[in-house]
Amino acid sequence: MFKKTNEKIYHWMDERFNLTPLIEYMQHKQVPVHKHSVWYYMGGVALFLFIVQVCSGILLLLYYQPGVDSSYESVRFIMTKVNFGWLVRSVHSWSANLMVFFVFVHMFSTFFTRAFQKPRELTWVTGFILLALAMGFGFSGYLLPWDELAFFATKVGTDIAGAVPFIGEAIKIVLRGGEDVTGATLSRFYAIHVAMIPALFTVILSLHLLFVQRQGMHEPDYYKNLKPEQKKTIPFFPNFVLRDVLLWLIVLNVLLFLAVYFPWELGPKADPFASAPEGIRPEWYFMFMFQSLKLLPAHVWFMEGEVAGILLFSVAGLAWMLTPFWSIKFDKSARFNPMLFIGIAVIAFIIFMTILGYLM
Amino acid sequence: MSTSRRKFINLLLGGGLLGWLGSIFYPVFSYLKPPPVPEANVNSVKAGPVADFPKNSGKIIKFGRKPVILIKMDTGELRAFSATCTHLDCIVQYRDDSKQIWCACHNGIYDLRGRNVSGPPPRPLDEFAVNIVNDEIIVSKMKEIG
């Protein structure tokens, strides 16, 4: 009886939307199985965490009130009075951090397996834009509780934007909604965090996923050279999807463990007329840039240190985004693989600067 | 004849499109730029009685909408500087152990004349004049020289 109803519904839909080819496409799509297959799941984990972000974010919206006199108070209200409010906020913060982490893992695994090469250049570029947007999410969301740490991190972050030659001052004022970080900044960051970036992110993410679906999984070189009968694969649907879902379940458990046992804290309320407290630091994924800026001398060549730093990071970021268009081909006869070297150098720099940032 | 007519039409349409885009984006970008908030021109503020302010300490006072750091040195001499770090806009503090002005954000250090002595700050802190009138501390903007 139940089966019959299901079939009826399917036929009704199929008649109108021609679903059968879509299902067949998913069933015929094969995912390669090899020793690096594990990296195929990292993007999926990031996607899952993004979904968690959207859901927990919507829940927070029900109680959060942006404003100098209400932001901090409403977050405290969520954490102390609302049923499970502490859990929702903690999940939102933790999954944000985990999402950025998995986006980084996903990106570097793509880099090292050279999956960005033709024909997947635009998948890489959209992925990089998603990373930038995710960091924008983190930066704008950090201010919203309006605590001391958030306030100074935003002052520093927007001031860095202000150091960009020519247009920096205008960017700073538009971001801050005035000369200083005030309630106007809070309103703007709120709009950016809950409306502008989500809209952009959804569009770019859809493109990214569309590209992946259209082109299928990237096959590493040695796998590509195998004879067709030696290539092990599993169907995308249901085998790969089910494994994805199982991993999502594991990630959800880790996330809940972290949120429950290491709940996210709320510092003292921001005071625009108090000295910056010791230990002002940005989120960990900005730490390597923050630390590099800290180490630069006041003047580099003819520029102020921070201007030189920003210029350097902008150029490096742009180069990284355009990796598929300049990447050096690895000649198998040569022992030295330049792209491997570049990737390891970038990771080593990020890790070293991050650790230094937390130690100093 | 027909190509020049086509060119003319294309120019007209292209120009129209540009004008149309401009008429959409100009108001949007102008909207993003916050209107100036009228600011009372503060020239001096009272910072409390001298006796209430211990030696070898500093405090942040409101100078209009800007923070100013007021320091009383071991000798009892009072000095005031803009409290906004010239590096990245954090608010500095007085360190009673090293007797320096310190910014916690990036470890910038100024001496007690506001000069940037170490760390990333590129410029000294602006100095403010401190006067004592009837036992009350008055912090005011430095008179422009010349």
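Each value, and the rule that gives it
Residues numbered from 1 in each chain as written. Chains lettered and ligands numbered in written order. Predicted model: local features only at pLDDT ≥ 70, side-chain atom pairs only at ≥ 80, totals over all residues. UniProt positions renumbered as here; feature names shortened; annotations may be inferred. Helix = DSSP H or I, 4+ residues; strand = E, 2+ residues; numbered from the N terminus. Buried ≥ 20, exposed ≤ 12 C-beta atoms within 10 Å, placed from the backbone. Pairing = 2+ DSSP bridges. Axes fitted to C-alpha atoms, helices over the stretch in contact; angles between N-to-C directions. Domains from an automatic or database assignment. Nonpolar A, V, L, I, M, F, W, Y, C, P; charged D, E, K, R; others polar. pLDDT = per-residue confidence, 0-100. Expected span 1.5 Å × (residues − 1). Contact = placed C-beta atoms within 7 Å. Core = buried A, V, L, I, M, F, W, Y, C linked by C-beta atoms within 7 Å.

Chain B goes by Rieske (2Fe-2S) protein in an unreviewed UniProt entry, where it is assigned to Caldithrix abyssi. Of the comments in the UniProt record for chain B, the one headed Cofactor (unreviewed entry) reads "[2Fe-2S] cluster".

Naming follows an unreviewed UniProt entry, where chain A appears as Cytochrome bc complex cytochrome b subunit of Caldithrix abyssi. Recorded in UniProt for chain A, the comment headed Subcellular location (unreviewed entry) runs: "Membrane".

1. Overview of the environment of Ala191(A)
Residue placement: Ala191(A) occurs in helix 9 (residues 183–215). Residue class for Ala191(A) comes out partly exposed when judged on the 14 C-beta atoms lying within 10 Å of it.

2. Concerning the sheet that holds strand 5 (residues 93–95) of chain B
All names here are of chain B. Spatial strand order, 5-6-7-8: four strands in an open sheet with antiparallel pairing. Across the chains shown, the open sheet's two edge strands, defined by having one partner strand only, are strand 5 and strand 8 (116–118). Between one strand and the next, the sheet's axes are offset by a mean angle of 40°, whatever the strand orientation. When strand 6 (residues 100–103) meets strand 7 (residues 108–110), the two strands line up antiparallel, connected through three bridges. Bridge pairing links cysteine 103 to glycine 108 in strand 7.

3. Some words on the sheet that holds strand 1 (residues 44–49) of chain B
Residues and elements named next belong to chain B. Strand order in the open sheet made by the six strands is 1-10-9-4-3-2, with antiparallel pairing throughout. The outermost strands of the open sheet, each flanked by one partner alone, are strand 1 and strand 2 (57–63). Between one strand axis and the next, the sheet turns through 30° on average, direction left out of account. Pairing of strand 2 with strand 3 (residues 66–72), which is carried by seven bridges, proceeds in the antiparallel orientation. Paired with glycine 58 across the strands is isoleucine 71, a residue of strand 3.

4. What about the domain arrangement of chain A?
All names here are of chain A. Here chain A is described as being made up of domain 1 (24–29 + 36–271) and domain 2 (281–329 + 336–360). For domain 1 versus domain 2, the separation of C-alpha centres amounts to 21 Å. Among the elements that make up the side of domain 1 that touches domain 2, the one with the highest residue count is helix 6 (residues 121–143) (seven residues). Taken together, the residues of the side of domain 1 that touches domain 2 sort by class into 15 nonpolar, three polar and one charged.

5. Description of the domain arrangement of chain B
Many descriptions give the size of an interface as the accessible area lost when the pieces come together. Here chain B is partitioned into domain 1 (1–35) and domain 2 (44–141). On a C-alpha basis, the centroid separation for the pair domain 1 of chain B and domain 2 of chain B is 53 Å.

6. Side note on the confidence of the model for chain B
Mean pLDDT over chain B works out to 88, with 97% of the residues at or above the 70 mark. In the model output, the complex is listed with pTM 0.88 alongside ipTM 0.80.

7. Things to note about helix 11 (residues 236–261) of chain A
Relative to the 38 Å expected for 26 residues at 1.5 Å per residue, helix 11 of chain A spans 36 Å between its end C-alpha atoms, a close match to the ideal helical length. Buried residues in helix 11 of chain A make contact with strand 1 (30–32), helix 3 (42–61), helix 5 (85–112) and strand 2 (233–235) of chain A.

8. Observations regarding the interface of chain A and chain B
Across the boundary between the two partners, chain A contributes 25 residues, which contact 23 residues of chain B. Secondary-structure elements contributing two or more residues to the side of chain A that touches chain B are helix 7 (148–162), helix 8 (168–176) and helix 13 (305–321) of chain A. Of the residues forming the side of chain A that touches chain B, the biggest block, five residues, is contributed by helix 7 of chain A. Tallied by class, residues from the side of chain A that touches chain B come to 13 nonpolar, five polar and seven charged.

9. Some remarks on the nonpolar core
In terms of nonpolar packing, the biggest core is built from 88 residues, with Leu49(A), Met99(A), Val103(A), Val68(B), Ile69(B), Cys90(B) and Val92(B) touching the most fellow members. In terms of residue count, helix 5 of chain A provides more of this core than any other element does, 11 residues in total.

10. Observations concerning the environment of Ser140(A)
Residues and elements named next belong to chain A. Position of serine 140 among the secondary structure elements: in helix 6. Spatially, the C-alpha atom of serine 140 lies 18 Å from that of glycine 168, the residues being 28 residues apart in sequence. Filtering out sequence-adjacent residues up to four positions away, serine 140 remains in contact with Phe189, Ile192, His193 and Ile197.

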